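# Examination of the molecular architecture
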Amino acid sequence: MPALTPTELAERLGSGLLSFPVTHFTRDLAFDEPAYRENILRLGTYEVAGLFAAGGTGEFFSLTPKEVASVVRAATGSAPKGTPVLAPAGYGTAQAVEMARDAEAAGADGLLLFPPYLTEASPDGLSSYVRAVCESTSLGVVLYSRANAVYTSETVATLADACPNLIGFKDGVGDLEAITRIHSRLGDRLVYIGGLPTAETFALPYLELGVTTYSSAIFNFLPEFALAFYNAVRAGDRTKVRRLLDDVVLPYTAIRDRKAGYAVSIVKAGMNLVGRPAGPVRPPLTDLDDAENALLVDVVETSRTATI
């Protein structure tokens, strides 16, 4: 059994910033488990509400099922006691169910359910996909609404009634009206997580809609800045939030937007710049070039004094 019940996990996730660690690779693109374990231990020393192993920032899409299992076990074996670890599940329904069961066996505290691979699906089909995963495990499940799996308020409400261990809704779309409808309909039944790339950009308006936390990729290499930003959001310090956006986050997103896939690549580049290399990204992603790395150096340097 997981250390936390689904209800306890939901309360924990909604109480603080969420970390989505990168997955470390060697130069030949193999999983670098020792480096990954060291990083999980480091991130867990900060005040985070949960670690999401092999998530989007962790290149879930590039990992084999066997590698996902290895990453999840490395995370659960290295995270400090009391730090929840959530594992990924996704692709086809049968694969997602298998991943969910393996994650529970590995000691994960919960699941982040990614969209099914490639194919579009009707609301009924997506509902069946989620139900199958929830019914296959006792772990708390966070639903990721993004790309080809965008869940309506009606579908989410039906799933929340049918699946007691569905505990969270992560938004990767940015449809504020849809979030408003879901929160109005379900209230505190779910924990709501901001999941757009560089979620700091949307953190303040999302908080007004009941989205109390978000997944921070920047936390990988600028943990102090990420926590200071989150605390300013939760305190409602709009002046500080806007200053940090102007000084650090928006220049960061300007680099991120230069090429598709850079939302992950820029994080690994940041890790290299702060002396905690995590290796290259796997194709089809590409690494930042020298000029882009130079721009990121300026962002990192600014971040070190921006929160004072």
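Conventions and cut-offs
Residues take numbers from 1 onward in each chain, read along the sequence in its written order. Totals for whole chains, interfaces and linings use all residues, but because this is a predicted model, local features are given only for residues with pLDDT of at least 70 and pairs of side-chain atoms are given and counted only at 80 or more. Side-chain calculation: all heavy atoms of the structure are included, whereas hydrogens and water are not. Runs of H or I in DSSP of at least four residues are treated as helices and runs of E of at least two as strands, each being numbered from the N terminus. Relative accessibility under 20% of the residue-type maximum defines a buried residue, over 50% an exposed one, and the middle range a partly exposed one, all with a 1.4 Å probe and only protein chains included. By definition here, a helix of n residues has an expected span of 1.5 Å times n minus one. It is the directions from the helix axis to the C-beta atoms that the arc portrays. Contacts between residues were defined by any pair of non-hydrogen atoms, one from each residue, lying within 4.5 Å. UniProt positions are given in the numbering used here, feature names are shortened, and annotations may be inferred rather than shown by experiment. The rule is simple: put a 1 Å grid over the protein atoms alone, call a set of points where a 1.4 Å probe fits but cannot get out a cavity, call an open set with protein on both sides within 12 Å along at least five of seven lines a pocket, and count a residue as lining if it has an atom within 4 Å of a point.

### Some thoughts on unusual backbone geometry
Leaving glycine aside, a negative phi is the common case for residues, and trans is the common case for peptide bonds. Residue P284 is bonded to the preceding P283 through a cis peptide linkage, with omega at 15°. Following the sequence through the fold, P284 ends up in the loop between α11 (262-273) and α12 (290-306). Phi is positive for L29, close to 70°, though the residue is something other than glycine. If you trace the backbone, L29 turns up in the loop between β1 (18-19) and α2 (33-43). L29 sits in the partly exposed class, given a relative accessible area of 26%. With a phi close to 70°, Y91 is a non-glycine residue in the positive phi region.

### Brief notes about α12
It helps to recall that an α-helix has 3.6 residues per turn; residues three or four apart then point in one direction. For α12, built from 17 residues, the straight-helix expectation of 24 Å at 1.5 Å per residue is met to within 8% by its first-to-last C-alpha distance of 24 Å. For α12, the full list of buried residues reads E292, L296, V299, V300, S303 and A306. All buried residues of α12 lie within an arc of 125° about the axis, which places them on one face of the element. Exposed residues pointing more than 90 degrees away from the buried face of α12 are listed as D290 and T305. Against the buried residues of α12 lie α9 (223-234), α10 (238-256) and α11.

### Brief notes about the UniProt feature "active site" (unreviewed entry) in the chain
With numbering aligned to this structure, UniProt lists the feature "active site" (unreviewed entry) at Y144 and K170. Judged by maximum C-alpha separation, these annotated positions cover 27 residues in sequence but sit close together in space, the widest gap being only 4.7 Å. Within the annotated group just given, the residues that line the largest pocket are Y144 and K170. Tracing the chain through its elements places Y144 in strand β5 (residues 140-145). With relative accessibility at 4%, the residue Y144 sits in the buried group. Those residues in contact with Y144 that sit more than four places away from it in its chain are L112, L113, F114, P115, A149, Y151, K170, D171, G172 and G195. Relative to the helices and strands, K170 resides in strand β6 (residues 166-171). The exposure class assigned to K170 is buried, which follows from its relative accessible area of 3%. Excluding its chain neighbours within four sequence positions, the residues that come into contact with K170 are F20, L112, V142, L143, Y144, S145, I193, G194, G195 and S215.

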